[in-house]
Amino acid sequence: MQISKNLNDQELMKLCQQGDTDCFTELYVRYNKPVFNTILRLVTDFAQAQDLLQEAFIALYQEIIKGRQIEHFGNFSRRVAANKAISFLRQHKRTLVFEDCRENVVEEEAEDEDLFEMKVEGIKKAIDSLPEGFRTIVNLYVMDGLPQIEIAELLGISHATVRTQYHRAKKKILSLVQKEIA
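Given the structure is predicted, the values throughout are model-derived calculations rather than measurements. (Residues numbered from 1 in each chain as written. Predicted model: local features only at pLDDT ≥ 70, side-chain atom pairs only at ≥ 80, totals over all residues. Heavy atoms only, no water.)

1. Some details on the overall build of the protein
For the protein, the count of helices and strands is nine helices and zero strands. In the protein, the succession of α and β elements from N to C terminus is α-α-α-α-α-α-α-α-α. Expressed as a percentage of the 182 residues in the protein, the buried residues total 43%. Sequence separation of at least 24 residues holds for 66% of the intrachain contacts in the protein that already meet a minimum separation of 6. Put simply, the protein shows about 10500 Å² of open surface, and 50% of that area lies on carbon and sulfur atoms. (Helix = DSSP H or I, 4+ residues; strand = E, 2+ residues; numbered from the N terminus. Buried < 20%, exposed > 50% of the residue type's maximum accessible area, 1.4 Å probe, protein only. Contact = heavy atoms within 4.5 Å. Areas by Shrake-Rupley, 256 points an atom, 1.4 Å probe, with all protein chains shown as cover.)

Structure below.
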């Protein structure tokens, strides 16, 4: 059966529930790249990220077949991917280290924000050099757009810890980018 590219995600999922696997293939084609990028930013091993991508889409297929109501497939698929990646890190005893801080984080001044918008490659390199806990929070918050409260629940840490870790990660990124410029 030829799948129309005009079908929206909801229509594709409904047809998939009715047994049309070509519709799931279309969902895979639409979303495999952003899902893979979510996983790769957390796991950083290309081959393992590919394996986790397949696991994520198997889980997504099972959720659709069970009749789960998924409002936004793209967002849901990235959350499933992040869960798979974090579960992998935990299973392989790669502990994400978070400092539990209850301090109030003061918003950065405008000049810090201007520096934060420096060259993308320099920032990517700085993010990659962060400790795994910082990198995980930055990727989930900035790259995948997850709210900090969801990140806290996903990682099993407090919302205050996520805010603090994000604040410290941003400062570290700024510091690394400034060193690169100097």
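2. Looking at the environment of A82
Its location among the elements puts A82 in helix 4 (residues 73–91). Taking the C-alpha atoms as reference points, A82 and I39, 43 residues apart in sequence, are found 6.1 Å from one another. Among residues more than four places away in sequence, those in contact with A82 are T38, L42, L140 and L154.

3. A short note on the packing of helix 4 against helix 8 (residues 148–155)
Put simply, helix 4 and helix 8 touch, their axes get as near as 11 Å, and they point 35 degrees apart. Here helix 4 and helix 8 pass one another in a crossing that is right-handed. Counting all contacts with helix 4, which are made through R79, A82, N83, I86 and R90, the residues of helix 8 involved are E150, L154 and L155. Taken together, the residues of the contact of helix 4 with helix 8 sort by class into four nonpolar, one polar and three charged. (Axes fitted to C-alpha atoms, helices over the stretch in contact; angles between N-to-C directions. Left-handed = near helix turned anticlockwise from the far one by under 90°. Nonpolar A, V, L, I, M, F, W, Y, C, P; charged D, E, K, R; others polar.)

4. Topic: the pattern of salt bridges
Following the criterion strictly, the structure yields seven salt bridges and no others. A salt bridge links K66 to E63; the shortest N-O distance between them is 3.3 Å. Owing to a relative accessible area of 63%, K66 belongs among the exposed residues under this scheme. The partner of E63 in a salt bridge is R68, and the shortest N-O contact between them spans 3.5 Å. By relative accessible area, which is 42% here, R68 ends up partly exposed. Residues participating in the shared-partner salt-bridge network are D9, E26 and R30. (Salt bridge = Lys/Arg side-chain N within 4 Å of Asp/Glu carboxyl O.)

5. Some thoughts on the nonpolar core
Within the largest apolar cluster, 48 residues are counted, with the highest numbers of intra-cluster contacts made by I39 and F73. Every element with two or more residues in this core is listed here: helix 1 (9–17), helix 2 (21–43), helix 3 (46–65), helix 4, helix 6 (120–129), helix 7 (132–143), helix 8 and helix 9 (159–181). Other than its neighbours up to four places away in sequence, F73 contacts D9, M13, F24, L27, Y31, F57, L60 and I64. (Core = buried A, V, L, I, M, F, W, Y, C linked by side-chain atoms within 4.5 Å.)

6. Some remarks on helix 7
The buried fraction of helix 7 is high, at nine of 12 residues. Within helix 7, the full set of buried residues consists of E132, G133, F134, R135, T136, I137, V138, N139 and L140. Directly after helix 7, the chain includes G145, whose backbone phi takes a positive value near 70 degrees.

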